[in-house]
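# Architecture at a glance
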Amino acid sequence: MKAAVYRKYGAPDVLQVEDVERPAPRDDQVLVRVRAAALNPLDSHLMRGRPPIFRLMTGIPNPKTGRPGVDVAGTVEAVGTRVTEFKPGDDVFGTCEGACAEFVVTLEKTLVPKPDNITHEGAAAAPVAALTSLQGLRDRAKLRRGQSVLIHGAAGGCGTFAVQIGKWLGAEVTGVCGTHNVELIRSLGADHVIDYTHEDFTKLNRKYDVIFDLVSDRSMRECFHVLTHNGIVVGAGILGRPLSMGAVLSRPLEALALKPFSGKRFSMFVSSVKKADLVTIGELLRAGEIRSVIDRRYPLDQTAEALRYLEQKHARGKVVITTE
């Protein structure tokens, strides 16, 4: 089978599509014929080995695995002896390792049935971005009906889901994006849209109960200025700064210094794969409460070019890899 592989750290040029052995499922695994996969910024960070502390997990001096892609949608090809939920022929979506390939194996608990009314591409675009939005807003921020939330980075892969999930949770949603994405964010249900090329959300006379920050290019002092009393900034993105340990740690340290004087909070957040939450995402997709926004589609043999585009940080929604 063909799979996207990199054997050293670096720019997208290190990635090649190669013939590799097709995996076989263990007792608790499912073999999936991949129909579509989606890329995330983390794929680029791991490929480049940035920040260097990542390499303690991925391998020194070269990566152990080197297979991009976590989001996947496809058709079950075979199942292990202990798998009870799925059978060959079932359409599924969820998460795995090395999704940019013709076949992958993954645990049964990381997959859920694909809604019949959603394409494989639309399903593949959802898992990580929608999980981050759901868990970040519902669980970490405790966003409630009637509250206000600002989505900073509303037009990205995660931001497009965050706008919709914020509305589903009953909040008043404000999205921050560039001029060419204003109508898109309105179409996703945002009550207000701030065009950052014309207005600075930290200088407007508005307050928010929650700031869901997917860009991390503003100081905590600036963000706290537009929070309500006891408000919270949930940081789920570090793309607005050079990717280093200093950049990762600077915001929580600043928030800690400010907390005694403001009572406002900052929380760094990383999503986790939970079966129940994947089920919820599937139900929301099926019901039309949320939809995937796909910017570009690339065939498997152009995965390097897809990563190169993603690294420009201007993707409008998700970047999807197709295998058919």
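For the structure itself, consult the block above.
A few points on the structure. (Residues numbered from 1 in each chain as written. Predicted model: local features only at pLDDT ≥ 70, side-chain atom pairs only at ≥ 80, totals over all residues. Heavy atoms only, no water.)

## Focus: the overall build of the protein
Counting its secondary structure elements, the protein contains 10 helices and 15 strands. For a compact globule of 324 residues, the expected C-alpha radius of gyration is about 20 Å, and the protein comes in at 20 Å, within 12% of that figure. Structurally, the protein occupies a C-alpha span of about 55 × 45 × 35 Å along its principal axes. In the protein, 67% of the contacts between residues at least 6 apart in sequence involve partners at least 24 apart. Accessible surface, the protein: about 14600 Å² in total, of which carbon and sulfur atoms supply 52%. A gap of 5 Å separates the mean positions of the 43 positive and 37 negative side-chain charges of the protein. (Helix = DSSP H or I, 4+ residues; strand = E, 2+ residues; numbered from the N terminus. Rg over C-alpha atoms; globule rule 2.2 N^0.38 Å. Contact = heavy atoms within 4.5 Å. Areas by Shrake-Rupley, 256 points an atom, 1.4 Å probe, with all protein chains shown as cover. Lys, Arg positive; Asp, Glu negative; His and termini not counted. Charge placed at Lys NZ, Arg CZ, Asp CG, Glu CD.)

## Quick notes on the nonpolar core
Of all hydrophobic cores here, the largest spans 50 residues; its most connected members are Leu137, Val149, Ile151, Val163, Ile185, Phe212 and Ile281. If we skip the residues at most four places from it in the chain, Val149 touches Leu137, Leu143, Ala171, Glu172, Val173, Thr174, Tyr208, Val210 and Phe212. Core analysis: the second largest hydrophobic core is formed by 36 residues, Met47, Leu310, Ala315 and Ile321 among them. (Core = buried A, V, L, I, M, F, W, Y, C linked by side-chain atoms within 4.5 Å. Buried < 20%, exposed > 50% of the residue type's maximum accessible area, 1.4 Å probe, protein only.)

## What to know about the state of the cysteines
A complete count under the given rule lists 0 disulfides for this structure. No disulfide involves Cys96; its sulfur sits 8.6 Å from that of Cys100, the nearest cysteine. The exposure class assigned to Cys96 is buried, which follows from its relative accessible area of 7%. (Disulfide = S-S within 2.5 Å.)

## A look at the packing of helix 4 (residues 127–140) against helix 5 (residues 157–168)
Packed helix pairs are characterised by how far apart their axes lie and by the angle those axes make with each other. Contact geometry of helix 4 with helix 5 gives a least axis separation of 8 Å together with a crossing angle of 45°. Relative to helix 5, the element helix 4 is oriented oblique. In this structure, helix 4 meets helix 5 at a crossing whose hand is right-handed. Within the contact between the two elements, helix 4 uses Ala129, Ala130, Thr132, Ser133, Leu134 and Leu137 and helix 5 uses Gly157, Cys158, Phe161, Ala162, Ile165, Gly166 and Trp168. Split by residue class, the contact of helix 4 with helix 5 holds 9 nonpolar, 4 polar and no charged. (Axes fitted to C-alpha atoms, helices over the stretch in contact; angles between N-to-C directions. Parallel < 35°, antiparallel > 145°, perpendicular 65-115°, else oblique. Left-handed = near helix turned anticlockwise from the far one by under 90°. Nonpolar A, V, L, I, M, F, W, Y, C, P; charged D, E, K, R; others polar.)

## Focus on the pairing of strand 4 (residues 71–79)
As a general feature of sheets, a regular strand has side chains that alternate between the two faces. The sheet contact formed by strand 3 (residues 29–39) and strand 4 spans 8 bridges and is antiparallel. Looking at strand 4, one finds that Arg33 is bridged to Thr75. When strand 4 meets strand 5 (residues 91–95), the two strands line up antiparallel, connected through 5 bridges. The partner of Gly74 across the bridge, within strand 5, is Val92. (Pairing = 2+ DSSP bridges.)

## Quick word on the layout of surface pockets
If you add up the space inside the second largest pocket, you get close to 750 Å³. Along the wall of the second largest pocket there are 28 residues; nearest its centre are Thr65, Arg67, Cys96, Glu97 and Gly98. Among the secondary structure elements, those contributing two or more residues to the lining of the second largest pocket are helix 1 (41–48), helix 2 (55–58) and strand 6 (103–107). Classifying every residue of the lining of the second largest pocket gives 15 nonpolar, 8 polar and 5 charged. (1 Å grid on protein atoms, 1.4 Å probe; cavity = no way out; pocket = protein on both sides within 12 Å on 5 of 7 lines; lining within 4 Å. Points joined across faces, edges and corners; volume = space filled by probe spheres on them.)

## Points about the pattern of salt bridges
Counted according to the given criterion, the structure contains 18 salt bridges. Glu183 is the partner of Arg186 in a salt bridge, and the nearest nitrogen-oxygen pair spans 2.7 Å. With Arg186 and Glu183 both in helix 6 (residues 182–187), this residue pair falls 3 residues apart, about one helical turn. The exposure class of Glu183 is exposed, given its relative accessible area of 54%. A salt bridge links Lys203 to Asp200, with the nearest nitrogen and oxygen atoms 3.2 Å apart. We classify Asp200 as partly exposed; its relative accessible area is 21%. The network of salt bridges with common partners includes Asp200, Lys203, Arg218 and Glu222. (Salt bridge = Lys/Arg side-chain N within 4 Å of Asp/Glu carboxyl O.)

## Digging into the pairing of strand 1 (residues 2–6)
Extensive coverage of strand 1 is indicated by the burial of 4 of its 5 residues. Pairing geometry for strand 1 and strand 2 (residues 15–19), over 5 bridges, is antiparallel. Of the residues in strand 2, the one forming a bridge with Lys2 is Asp19.

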